[in-house]
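Report on the structure
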Amino acid sequence: MDLETYTPGSGLLEPRAALRSDAPALDLNGTWRFRLSPAANVPDDFAQPGYDDADWDELPVPSHWPLHGHGAPAYTNVSFPFPVDPPHVPDENPTGDYRRTFDLPEGWTGGRLRFEGAESFARVWLNGHELGFWTGSRLPAEFDAGPWLRPGRNVLAVRVHQWSAASYLEDQDMWWLPGIFRDVTLTRSAADVFVHASHDGRLSFEGEGGLLSIPELGVADLEPGTEVRLDVEPWTAETPRLYDAVVTFPDETVRLRVGFRTISIVDGVLLANGSPLLLKGVNRHEFHPERGRAVPYETMRADVLLMKQHNVNAVRTSHYPPHPDFLDLCDELGLWVIDECDLETHGFHQVGWRRNPTDDPRYADALLDRMRRMVERDKNHPSIIMWSLGNEAGVGRNLAVMADWARDRDPSRPLHYEGDWSCAHTDVYSRMYASHAEVEAIGRLAEDPLDDPDLDARRRAMPFLQCEYAHAMGNGPGGLAEYQELFERYPRLAGGFIWEWIDHGIVHPEFEYAYGGDYGEPVHDSNFVIDGLVFPDRTPSPGLIDLKKVFQPVKFDFGDGVVRVVNAYDYRDLSHLEFLATVEVEGETVAEHRLEVPAGGGEVKLPDVPPGPAGECWLTIRARLSGDQPWAQAGHEVAWGQTLLAPPAPRTASASLVTFVRDGDEIVASGSGFDAETGRLVRLFGLEVEGPRLDLWRAPTDNDRYGGLEGKWRALGLHRLTHRVDDVEVGDALTVRTRVAPAATDLGMRATYRWTLAGDGGLLLSLDLEPEGDWRDPIPRLGVTMTLPGTAVERVTWFGRGPGEAYPDTGMAARVGRWTATIDELQTPYVYPQENGHRADVRWADFGAFKVSGDPVFGMTARRWSTDELAAAAHRPDLVPGDRVHLHLDLAHQGIGTATCGPGPLPQYDLRARPATFTLRFDPS
Ligand code: IPT
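What counts, and at which threshold
Residues numbered from 1 in each chain as written. Predicted model: local features only at pLDDT ≥ 70, side-chain atom pairs only at ≥ 80, totals over all residues. Heavy atoms only, no water. Helix = DSSP H or I, 4+ residues; strand = E, 2+ residues; numbered from the N terminus. Rg over C-alpha atoms; globule rule 2.2 N^0.38 Å. Buried < 20%, exposed > 50% of the residue type's maximum accessible area, 1.4 Å probe, protein only. Contact = heavy atoms within 4.5 Å. Areas by Shrake-Rupley, 256 points an atom, 1.4 Å probe, with all protein chains shown as cover. Core = buried A, V, L, I, M, F, W, Y, C linked by side-chain atoms within 4.5 Å. Pairing = 2+ DSSP bridges. Arc of directions from axis to C-beta. Axes fitted to C-alpha atoms, helices over the stretch in contact; angles between N-to-C directions. Near = heavy atom within 4 Å. Polar contact = N/O pair within 3.5 Å; in protein donor to acceptor, adjacent residues only side chain to side chain. Nonpolar A, V, L, I, M, F, W, Y, C, P; charged D, E, K, R; others polar. Salt bridge = Lys/Arg side-chain N within 4 Å of Asp/Glu carboxyl O. Domains from an automatic or database assignment. Buried area = accessible area lost by both parts, 1.4 Å probe. Disulfide = S-S within 2.5 Å. Phe/Tyr/Trp six-rings, centres within 6.5 Å; stacked < 30°, edge-to-face > 60°. Left-handed = near helix turned anticlockwise from the far one by under 90°.

Focus on the overall build of the protein
Tallying secondary structure elements over the protein gives eleven helices and 60 strands in all. Computed over C-alpha atoms, the radius of gyration of the protein comes to 31 Å, within 12% of the 29 Å expected from 2.2 N^0.38 for 925 residues, which places it in the range of a compact globule. Based on the C-alpha atoms only, the size of the protein along its principal axes is roughly 100 × 60 × 60 Å. Split into buried and exposed, the 925 residues of the protein put 62% on the buried side. Once local pairs closer than 6 in sequence are excluded, the contacts in the protein between residues at least 24 apart make up 72%. Accessible surface for the protein amounts to roughly 33600 Å². Of this, 49% is attributable to carbon and sulfur atoms.

Spelled out as structure tokens, the structure:
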């Protein structure tokens, strides 16, 4: 078989819509016989009905064979895992042969074999007769089975090759996972329908021989091509109103759900149903940690529910059409969708885009075939608002072939493609990972012009979206709030899609979750596949929790005694929400009120603060669902806002009657002791500790690493600071003068610890920092680290921001309150271990054995491993709890940014070495 053919397939029936039909169908999923060969040139006698497959293995369909013990997964981002020499493929070409039998029900005649997805080149035989072959892994293929079906037992055989000429079109950033990974059916349905339904109630359809009825709207037996005008409730992602429709054909009846909605572009603004649409989106790959892209229905549903519950309103199906059920869920539960064609040729970038299939006429049919199969399959979904030609496929004439066909077939949806910045074939201007400054310039219509004035004028009239931004790899992404602020400020900006939804970590016995290289791949891209808002098991990461806050559809502007509640939904009011105001003093609730908020939003008087205990007082307003929604239950919190009602009472430390005294090798006071030589704290209220000392280092985040900061920090030696004690002076205060510096440089920090005693037994530390030398780059952190016996500390209660982690440019979801967590719960289990778990703006933290207070606040991290151990770990199981708790008390942290792809932290979030004073107070608990 010629795997190096440019032809996308043979023997295929015309593509048609995915429809629910009452025509009989046989589900051919299940256990198939399976044999894997290392190369493609295996005899195809296995396709004969009489072939004996008794010694073959069994394999579930749908699935990927490398996830069932046959071969191994392999991950590359941009690189092809074989030489770039289209249309040729390597001799090593894993080839999976599949066989199964099925019994034809009595009286059954005719039918189509339908495959929803197989990666990447498949041939099919029925009862020994070859029906044809297909490519386009994430697209359906249908063959006429009728002439070859037999009464009783039938034998179906499929051969799947991992590599073919089509592999050059499928270089998406994901695991290479061959196999029949979507459903297989024998169906007697043959119908095709294309419904046109706009928000103003106009309805018509294409579907020869069919009659359409929507009983709820009084539509009965509408003929194809006839338009009616109805009184309808439009569909939006916020109000996903669907109407049940039936189309009756002579041989079958199909059911679909019609949503009336209109997408348009007016004056460079993206509109849905005539009103501006702001996309609060995520990029979703299909992924399950054990099953790869063979995603169970319940998992697809879980994705949509999680997105809705986190205020996500849009999804880009990066970078291929998803399982059709996912789109049904988007229609039903409400998400705006950019449906993306199964096309990516990114690896050609590495060879200067030479011989890119996108610009090779021999590949034109294949590219057009992919576009047609996507549009025809998915054309009836109201959720789909744009067709995307693909991702990272460079530029070339075949894009025009795809775009021209799609415009003609479906003029109702704008076209998207990011890879050609001239926008020659698109209706929207799309980019990925543009900086805040560039997005702002585009918002103001002040972007750099294109060389071609016509193209430039065309592009300037287009709405703009970021099809990928805020790369959610590891800790982060930082800078979300600032992007959202821009999207909301400029009408031209239609929002964007975070990269990406889920970490593609594969469950692994040794590593817990595997990423690139863990299966011994010679070419791989390591943990670049671990860049999601949810962990592989779909637990939300802090990035998703922050995103929920940044995307929240209700805003609170606090004024003097009032709050202005702003409805930030695009298409609905606030009447489905209830508003609860809570007053807390030092995190303890002292009053709770219902707020009456008008459905359209508006100014509301805040409740009076009840007389009561003095202390720092905050008012929190929560907007919650007042009743169940299909995607969340009553009580689900949608939005919140917080304002300070009363600042903390100033704290006065009464003078101490006791003083520091020398006792042998120690200097002691208040049950605490310092090493007389080094001045370092060794006992804190009876607890053996290794004293707080200056720390500038953190375990690099992915963004620190890929963005280049880690390299700079290591070159400076910030991970190997030396501490020299110059002077220990005992008097009313214990003063320890030190110089902290890495080897091989003259940069350093003068660090002077000044310990004093409070009248009530507390210990005060004032740390003065004075940088010396020419510090050019931002530094990771400015704070102190101490260790404690592991058995002494189990749980922390703190008053500050929480419950989750927060860094200077993340943690929008962290609110002021009183929180409690065990040391283990303070960790964020990033699949690739890195700096995590920092709690911000902590006023005080009680560790059970002692309490630390800030002046006014500090940052807190506590772990059962050291920073060095954290930095050295490559997988979760590498982190083994030791017998110490490592406590980091910080004055400041470097921002997080999104430099793995995109900008680093904005300048205001860079931490510079600067003179500073850091004050902490320790008290017995
Ligand atoms: C961008 C890709 O479109 C996306 O698939 C993913 O690979 C992402 O990068 C990185 O995780 S392309 C890149 C050159 C910005």
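Moving on, there is more to tell.
Quick look at the environment of arginine 492
Inspection of the secondary structure puts arginine 492 in the loop between helix H7 (480-489) and strand E34 (493-499). We classify arginine 492 as buried; its relative accessible area is 6%. C-alpha separation for the pair arginine 492 and valine 740, spaced 248 residues apart in sequence, amounts to 51 Å. Those residues within four positions of arginine 492 in sequence are excluded, and the remaining contacts are Gly268, Tyr429, Ile442, Gly443, Leu445, Glu447, Arg459, Arg460, Met462, Pro463 and Phe464.

A word on the nonpolar core
In terms of nonpolar packing, the biggest core is built from 112 residues, with Met371 and Phe579 touching the most fellow members. Aside from chain neighbours lying at most four places away, what touches phenylalanine 579 is Val554, Phe556, Val565, Leu574, His593, Arg594, Leu595, Val597, Ile621, Arg622 and Ala623. Among the nonpolar cores identified, the runner-up in size contains 61 residues, and Ala669, Leu687, Trp819 and Ala862 belong to it.

Focus on the sheet that holds strand E17 (residues 194-197)
An order of E17-E18-E21 is seen for the three strands of this open sheet, with the pairing classed as antiparallel. The open sheet has two edge strands with one neighbour each: E17 and strand E21 (228-229). The pairing of E17 with strand E18 (residues 202-206) spans four bridges and is classified as antiparallel. When the sheet's bridge partners are listed, histidine 196 is paired in E18 with serine 204.

Comments concerning the environment of methionine 300
For methionine 300, the position within the fold is in helix H1 (residues 297-309). Excluding anything up to four places from it in sequence, methionine 300 contacts Arg284, Val295, His323, Asp325, Phe326 and Leu329.

Some remarks on helix H10 (residues 709-716)
Among the residues of H10, Leu709, Glu710, Trp713 and Leu716 are the ones counted as buried. On an axial view of H10, the arc spanned by its buried residues comes to 130 degrees, and they lie on one face. For H10, the elements touching its buried residues are helix H9 (702-706) and strand E51 (734-742). Backbone geometry just after H10 places glycine 717 at a positive phi near 95 degrees.

Quick word on the sheet that holds strand E39 (residues 577-585)
The strand order across the open sheet built from four strands is E40-E39-E42-E43, with neighbouring strands paired in antiparallel fashion. Edge positions in the open sheet fall to strand E40 (588-595) and strand E43 (637-646), since each of these has one partner strand only. Strand after strand, the sheet turns through a mean of 20 degrees between neighbouring axes, direction not considered. Here nine bridges tie E39 to strand E42 (residues 617-625), and the two strands are oriented antiparallel to one another. From the neighbouring strand, leucine 580 faces E42, where its bridge partner is arginine 622.

Describing the site of the ligand
Near the ligand, the surroundings consist of 14 residues, among which Asp173, His319, Asn391, Glu468 and His471 are the closest. With respect to the ligand, the side chain of histidine 319 contributes an N or O atom lying 2.6 Å from an oxygen atom. Tryptophan 499 places a polar side-chain atom, nitrogen or oxygen, 3.2 Å from an oxygen atom of the ligand. Burial of the ligand by the protein chains amounts to 85% of its free accessible area of 390 Å². Within the shell around the ligand, the residues separate by chemical class into five nonpolar, five polar and four charged.

Focus: the environment of leucine 465
In this structure, leucine 465 sits in strand E33 (residues 464-471). The spacing of leucine 465 and glycine 496 is 31 residues in sequence and 5.2 Å in space, taken between C-alpha atoms. If near-sequence neighbours (up to four positions away) are discounted, leucine 465 is found in contact with Leu279, Ile338, Met386, His416, Val428, Tyr429, Ser430, Arg431, Gly495 and Phe497.

Thoughts on the pattern of salt bridges
Here the structure, examined in full by the defined rule, presents 77 salt bridges. Between arginine 202 and aspartate 200 there is a salt bridge whose closest N-O contact spans 3.0 Å. Given a relative accessible area of 33%, arginine 202 falls into the partly exposed group. With a shortest N-O distance of 2.7 Å, aspartate 760 and arginine 921 are connected by a salt bridge. Highlighted residues: aspartate 760 in the loop between strand E52 (748-757) and strand E53 (763-772) and arginine 921 in strand E60 (residues 916-924), separated in sequence by 161 residues. The exposed category is assigned to aspartate 760, whose relative accessible area is 53%. By relative accessible area, arginine 921 is classed as buried at 7%. Look at the salt bridges and you will find they share partners, linking Glu119, Arg138, Glu170, Arg293, Asp342 and Arg370 into a network.

Digging into the domain arrangement of the protein
On domain assignment, one finds that the protein holds domain 1 (2-187), domain 2 (301-313 + 338-549), domain 3 (552-646) and domain 4 (663-924). Across the contact, 33 residues belong to domain 2 and 33 residues belong to domain 4. Counting the surface lost from both domain 2 and domain 4, the interface buries some 2700 Å², and carbon and sulfur atoms represent 61% of this. When the area that domain 2 buries against domain 4 is broken down by residue, the three leading residues are Asn475, Phe535 and Asp546, summing to 24%.

Points about the pairing of strand E20 (residues 219-222)
In the sheet, strand E19 (residues 211-214) pairs with E20 via two bridges, with the strands oriented antiparallel. Bridged to leucine 212 within E20 is leucine 222. Where E19 folds back on E20, the antiparallel hairpin that results is connected by four residues, among which glycine 218 adopts a positive phi of roughly 70 degrees.

Side note on the state of the cysteines
Under the counting rule described, the total for this entry stands at zero disulfides. The thiol sulfur of cysteine 330 is not disulfide-bonded, and the nearest other cysteine sulfur, from cysteine 467, lies at 18 Å. In this structure cysteine 467 is not part of a disulfide, and its nearest cysteine sulfur, from cysteine 423, lies 11 Å away. Overall, cysteine 467 belongs to the buried group, its relative accessible area being 0%.

A word on the packing of aromatic side chains
According to the stated counting rule, one finds 38 aromatic pairs in the structure shown. Aromatic pair phenylalanine 34 and tyrosine 98: ring centres 5.1 Å apart, planes at 70 degrees, arrangement edge-to-face. On the criterion of sequence distance, the pair formed by phenylalanine 34 in strand E4 (residues 30-39) and tyrosine 98 in strand E7 (residues 92-104) is long-range, its members being 64 residues apart. Classification of phenylalanine 34 by relative accessible area gives buried; the value is 1%.

Looking at the packing of H1 against helix H2 (residues 324-333)
It is at 10 Å that the axes of H1 and H2 come closest, and there the two elements cross at 35 degrees. Classified by chirality, the crossing of H2 by H1 is right-handed. Contacts between H1 and H2 involve Tyr297, Met300, Arg301, Val304, Leu305 and Lys308 from the former and Asp325, Phe326, Leu329, Glu332 and Leu333 from the latter. In terms of residue class, the contact of H1 with H2 is built from seven nonpolar, no polar and four charged.

Here we look at the pairing of E39
Side-chain positions along a regular strand alternate between the two faces of the sheet. Within E39, nine of the nine residues are buried, which leaves it mostly tucked inside the rest of the structure. Neither face of E39 is left uncovered, since the one carrying Leu577, Phe579, Ala581, Val583 and Val585 and the one carrying Glu578, Leu580, Thr582 and Glu584 both have all their residues buried. For E39 and E40, the ladder comprises seven bridges, and the chain directions are antiparallel. Bridge assignment links alanine 581 to a residue of E40, and that residue is histidine 593. Counted along the chain from E39 to the antiparallel partner E40, the turn is two residues long, and its residue glutamate 586 has a positive phi close to 50 degrees.

Examining the side chain of serine 383
Mapping serine 383 onto the fold places it in the loop between helix H3 (364-378) and strand E30 (384-388). Contacts of serine 383, omitting those with residues within four sequence positions, involve Trp235, Leu327, Cys330, Asp331, Leu335, Trp336 and Val337.

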